[in-house]
Amino acid sequence: MSKSMKMQVEAINNGTVIDHIPANIGLKLLKLFNIQLVNQRVTIGFNLPSSALGCKDIIKVENVFINEDQANQLALYAPNATVNQIENYEVAKKLNLKLPDQIHAIFRCPNSNCITHNEPVDSNFRVLTKRDDIQLKCKYCEKVFSREIVTEHP
Ligand code: CTP
Ligand code: ZN
C-alpha cells in the first residue's frame, strides 16, 4: 500500500506524532498536554483502524517536541504508544515508552486529606509494579492507589 493511502491524518512538517494510542485514551493524553498546545496546529484521529490494536487514536502536534521523560509520563495511559519526532516531514526519532519511576505534577492525589490539596506543592507519586499490576504511592501522604483510581481522578 502506498504511503499516501496509509496516511490517515495529514502528515506534519515538524513536531510530534503520538501513535498507537488505545481508542478513547487520546482525549486524556491531549489534556495532559493542554498547556503546550496553545497556538499550535493539532490534528487528531480517534477510532482509526489499526492492524495491531484494532482501533487506535493518534495525535499530531506541530512545533512541539517532548523529551524522553515527558514521553514516558504518557506510559501510564498508553504503555504501547509510540512518540515520533518529525523533522522536515521525516521521522527523525521514534521513542518507545517506558513506565517512569515517578510521576510528577500530573495527577491529583485521590486522598482528599493529603497535604498536596492545601499546600502549593506539586503532586508526586512513586510507580510500583507487581507483574502487570501498576500502583501509585503518593510521596506526601504515602497512600497507595491503583493506576485507574489516580488516572480517573479529576
Ligand atoms: N507521520 C506524520 N507526518 C510525517 C511523517 C510521519 O504524521 N511527516 C506519522 C505517520 O502517519 C505515523 C507516524 O508518524 O502515524 C510514524 O511514522 P512512520 O514511522 O513512517 O510509520 P510506521 O512505520 O507505520 O510507524 P510504526 O512502526 O511506529 O507503526
Ligand atoms: Zn497524597
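Residues numbered from 1 in each chain as written. Chains lettered and ligands numbered in written order. Predicted model: local features only at pLDDT ≥ 70, side-chain atom pairs only at ≥ 80, totals over all residues. Heavy atoms only, no water.

The protein is annotated in an unreviewed UniProt entry as Aspartate carbamoyltransferase regulatory chain of Shewanella canadensis. Quoted verbatim from the Sequence similarities (unreviewed entry) field of UniProt, the annotation for the protein is "Belongs to the PyrI family." Annotation of the protein in UniProt includes, under Subunit (unreviewed entry), the sentence "Contains catalytic and regulatory chains." (UniProt positions renumbered as here; feature names shortened; annotations may be inferred.)

Caption draft 1: View of the sheet that holds strand β9 (residues 144-146). Taken together, 4 strands build an open sheet; the order of strands is β6-β7-β8-β9 and the sheet is antiparallel. Among the strands making up the open sheet, the edge pair consists of β6 (102-104) and β9. Across the sheet, the mean angle separating the axes of adjacent strands is 30° when strand polarity is ignored. (Pairing = 2+ DSSP bridges. Helix = DSSP H or I, 4+ residues; strand = E, 2+ residues; numbered from the N terminus. Axes fitted to C-alpha atoms, helices over the stretch in contact; angles between N-to-C directions.)

Caption draft 2: Structural view of the nonpolar core. Ile18, Ile21, Leu29, Leu74, Val83 and Phe125 are the most contacted members of the largest nonpolar core, which has 32 residues in total. Put simply, the parts of the chain that give this core at least two residues each are β1 (15-22), α2 (26-32), β3 (54-62), β7 (124-130) and β8 (133-138). Per-element tally for this core: the top contributor is β8, with 3 residues. Both domains that meet at this core, namely domain 1 (15-96) and domain 2 (102-152), each give it at least three residues. With sequence-adjacent residues up to four places away left out, isoleucine 18 is seen in contact with Leu29, Phe33, Asp57, Ile58, Ile59, Leu74, Ala81, Thr82 and Val83. (Core = buried A, V, L, I, M, F, W, Y, C linked by side-chain atoms within 4.5 Å. Buried < 20%, exposed > 50% of the residue type's maximum accessible area, 1.4 Å probe, protein only. Domains from an automatic or database assignment. Contact = heavy atoms within 4.5 Å.)

Caption draft 3: Quick look at the pairing of strand β2 (residues 42-50). Relative to β3, β2 runs antiparallel, the two being bridged by 7 bridges. By the bridge assignment, proline 49 is partnered in β3 with cysteine 55. The turn linking β2 back onto β3 is made up of 3 residues.

Caption draft 4: Examining the sheet that holds β2 more closely. Sheet architecture is open: 5 strands sit in the order β2-β3-β1-β4-β5, paired in antiparallel fashion. If you trace the sheet from one side to the other, it starts and ends with β2 and β5 (90-96), each paired once. Along the sheet, successive strands turn relative to each other by an average axial angle of 20°, direction set aside. The pairing of strand β4 (residues 82-87) with β5 spans 6 bridges and is antiparallel. Bridged to threonine 82 within β5 is asparagine 96.

Caption draft 5: Spotlight on the coordination of the zinc ion (ligand 2). Protein coordination at the zinc ion (ligand 2): the donors are Cys109 (SG), Cys114 (SG), Cys138 (SG) and Cys141 (SG), at 2.3 to 2.4 Å from the metal. Of note is the zinc ion (ligand 2), whose 4 donor atoms meet at the metal with angles of 103 to 114° in an arrangement that counts as tetrahedral. In primary sequence terms, the donor set of the zinc ion (ligand 2) follows C-x4-C-x23-C-x2-C. For cysteine 109, a relative accessible area of 1% corresponds to the buried category. (Donors = N, O, S within 2.8 Å, 3.2 Å for Na, K, Ca; no water. Tetrahedral: all angles 85-135°; square planar, octahedral: opposite > 155°, others 65-115°.)

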